[in-house]
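Structure at a glance
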Amino acid sequence: MNEIEGTGVGERTVQARRLGKLEVSAQGLGCMGMSEFYGETDDTESIATIHRALELGVTLLDTADMYGFGRNEKLVGRAIADRRDRVVLATKFGIVRDENDPSTRGIRGDAAYVRQAAEASLRRLGVDHIDLYYQHRVDPDVPIEETVGVMAELVAEGKVRHLGLSEAGAETIRRAHAVHPIAAVQTEWSLWSRDIEDEVVPTCRKLGIGVVPYSPLGRGFLTGRFTSRADFGDGDYRQEVQPRMAEGNLERNLAIVDALRELATRKGVTAGQLALAWVQHRGDDVVPIPGTKRRRYLEENVAATGIELSGAELAEIETAVPAEAVAGERYPEAAMKLLGR
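Conventions and cut-offs
- Residues numbered from 1 in each chain as written.
- Predicted model: local features only at pLDDT ≥ 70, side-chain atom pairs only at ≥ 80, totals over all residues.
- Heavy atoms only, no water.
- pLDDT = per-residue confidence, 0-100.
- Contact = heavy atoms within 4.5 Å.
- Pairing = 2+ DSSP bridges.
- Helix = DSSP H or I, 4+ residues; strand = E, 2+ residues; numbered from the N terminus.
- Phe/Tyr/Trp six-rings, centres within 6.5 Å; stacked < 30°, edge-to-face > 60°.
- Axes fitted to C-alpha atoms, helices over the stretch in contact; angles between N-to-C directions.
- Parallel < 35°, antiparallel > 145°, perpendicular 65-115°, else oblique.
- Left-handed = near helix turned anticlockwise from the far one by under 90°.
- Salt bridge = Lys/Arg side-chain N within 4 Å of Asp/Glu carboxyl O.
- Buried < 20%, exposed > 50% of the residue type's maximum accessible area, 1.4 Å probe, protein only.
- Core = buried A, V, L, I, M, F, W, Y, C linked by side-chain atoms within 4.5 Å.
- Nonpolar A, V, L, I, M, F, W, Y, C, P; charged D, E, K, R; others polar.

Describing the confidence of the model for the chain
Per-residue confidence for the chain gives a mean pLDDT of 90; residues scoring 70 or more make up 91%. pLDDT under 50 marks residues 1–10. Its contacts with residues more than four places away, or in other chains, come to 26 contacts.

Re the pairing of strand 2 (residues 22–25)
Sheet analysis places strand 1 (residues 16–19) next to strand 2, joined by four bridges and oriented antiparallel. The partner of L19 across the bridge, within strand 2, is L22. Once strand 1 ends, the chain turns through two residues before running back antiparallel as strand 2, passing G20 with a positive phi of about 60°.

Some details on the environment of R161
Tracing the sequence through the fold places R161 in strand 9 (residues 160–166). Taking the C-alpha atoms as reference, R161 lies 36 Å from A271; in sequence the two are 110 residues apart. Setting aside chain neighbours within four positions, we find R161 in contact with H129, I130, D131 and V155.

Considerations on the packing of aromatic side chains
Evaluated as defined, the whole model comprises two aromatic pairs. Between F93 and Y133, the ring centres sit 5.0 Å apart and the planes meet at 40°, which makes this aromatic pair tilted. Note that F93 is positioned in strand 5 (residues 88–93) and Y133 in strand 8 (residues 130–135), a separation of 40 residues in sequence. Aromatic side chains W192 and F221 sit 5.3 Å apart centroid to centroid with 5° between the ring planes, which places their arrangement in the stacked category. Taken together, the residues W192 in the loop between strand 10 (182–188) and helix 6 (200–207) and F221 in the loop between strand 11 (210–214) and helix 7 (237–240) connect sequence positions 29 residues apart.

A few points about the packing of helix 4 (residues 144–156) against helix 5 (residues 170–179)
Between helix 4 and helix 5, whose axes approach to 9 Å, the crossing angle comes to 40°. Comparing the axis directions of helix 4 and helix 5 gives the class oblique. Considering the relative orientation of helix 4 and helix 5, their crossing is right-handed. Seen from helix 4, the contacting residues are I144, E145, V148 and G149; seen from helix 5, they are T172, R175, A176 and V179.

Here's the deal with the sheet that holds strand 3 (residues 29–30)
Ordered in space as 3-4-5-8-9-10-11, the seven strands form an open sheet in which the pairing is parallel. The open sheet has two edge strands with one neighbour each: strand 3 and strand 11. Sheet topology note: the strand 5/strand 8 ladder contains four bridges and is parallel. Bridging across to strand 8, K92 finds its partner in Y134. Sitting on the sheet, helix 4 is in contact with strand 5, strand 8, strand 9 and strand 10, with an inclination near 155° to strand 9.

Observations concerning the pattern of salt bridges
Tallying each qualifying case throughout the model produces 24 salt bridges. E157 serves as the salt-bridge partner of R115, at 2.5 Å between the closest nitrogen and oxygen. With a gap of 42 residues between them, R115 in helix 3 (residues 111–125) and E157 in the loop between helix 4 and strand 9 connect regions that are remote in the sequence. Of the charged contacts in the structure, one is a salt bridge between E197 and R194, with a shortest N-O distance of 2.9 Å. A relative accessible area of 18% means that R194 is categorised as buried. Residues participating in the shared-partner salt-bridge network are R115, E119, E153, E157 and K159.

A short note on the nonpolar core
Ranked by size, the top nonpolar core spans 81 residues in total, and within it L29, I50, I80 and L260 carry the most contacts. Beyond its immediate stretch of four places on either side in the chain, L29 contacts M34, T49, I50, A53, V58, L60, L61, D62, I289, P290, T292 and L298. One finds V24, L132, A183 and V287 within the second-largest nonpolar core, a separate group that totals 16 residues.

Focus: the packing of helix 5 against helix 6
Two elements in contact, helix 5 and helix 6, have axes separated by 9 Å at closest approach and are oriented at 20°. Judged by the angle between their axes, helix 5 and helix 6 are roughly parallel. Helix 5 and helix 6 meet at a crossing whose hand is right-handed. Judged by residue contacts, A170, I173, R174 and H177 of helix 5 engage V200, T203, C204 and L207 from helix 6. Taken together, the residues of the contact of helix 5 with helix 6 sort by class into five nonpolar, two polar and one charged.

In structure tokens:
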């Protein structure tokens, strides 16, 4: 049996990788679900999860100003208040929400808003600088040169250390990088979301930009823990608006997980660990940020950094889980229009 079966990670130390010139752990921690979107929250367990991540060598913590309408940044800030020097702190701006109508989304990238958002994030996080500051979605009404230009001013002022983009298209990445070096592009990338492999990843590699895959476990679906919509629980947006979890699509996608689980069993690991290890093997410039709010799942995810996959095993995984077999889009139609700009 593989030594990293289940969650037995011991005191494994996660190795380092680089996002541009920024050194981070080879796996980060996505904190979004600690405050919103994935059902019930528990701040005590979430903070314990962040602390456990740091103990295991995970340095990159990922949040955003729109997660929980700022509550997630406050939570992360509390968790790292006495250990700031051990953290590479990433947050994002640009998605504007209405607390009276949480489903409403606006996008802003104008200079005045970027400054306003950065100052607000610094206050909520309780820090004097942000290590990696992302534009969460590209504003189609504001030239990327304006947005990145003011982000570069924040770097010059010491409020931000490195810049990133999230879900940006290849041409936008090139234009942004010409204004100021971009350290990382964050985008969804997993066994069932592989569209960035055509243009975005090659562009990043040509420019020396790291890639930060979010939802590397297919929003948890590739772990095999969910077999019906009822498994997601009340208040979980995956059963409410996620197309791949809709009736009809869910059943077809379960066949993908079954194939993955069969390979994982032969390897002596969990389906989630195998899916995550596949992402980790995309390159030394790839730093996935699986999200969790529980220590037991964090430890299982961290253990995946130690899984070695041969070329033959990688090919077998990709054959068993073909991207074209996935039923449903990544997001509802309106949100899909915000991607790849």
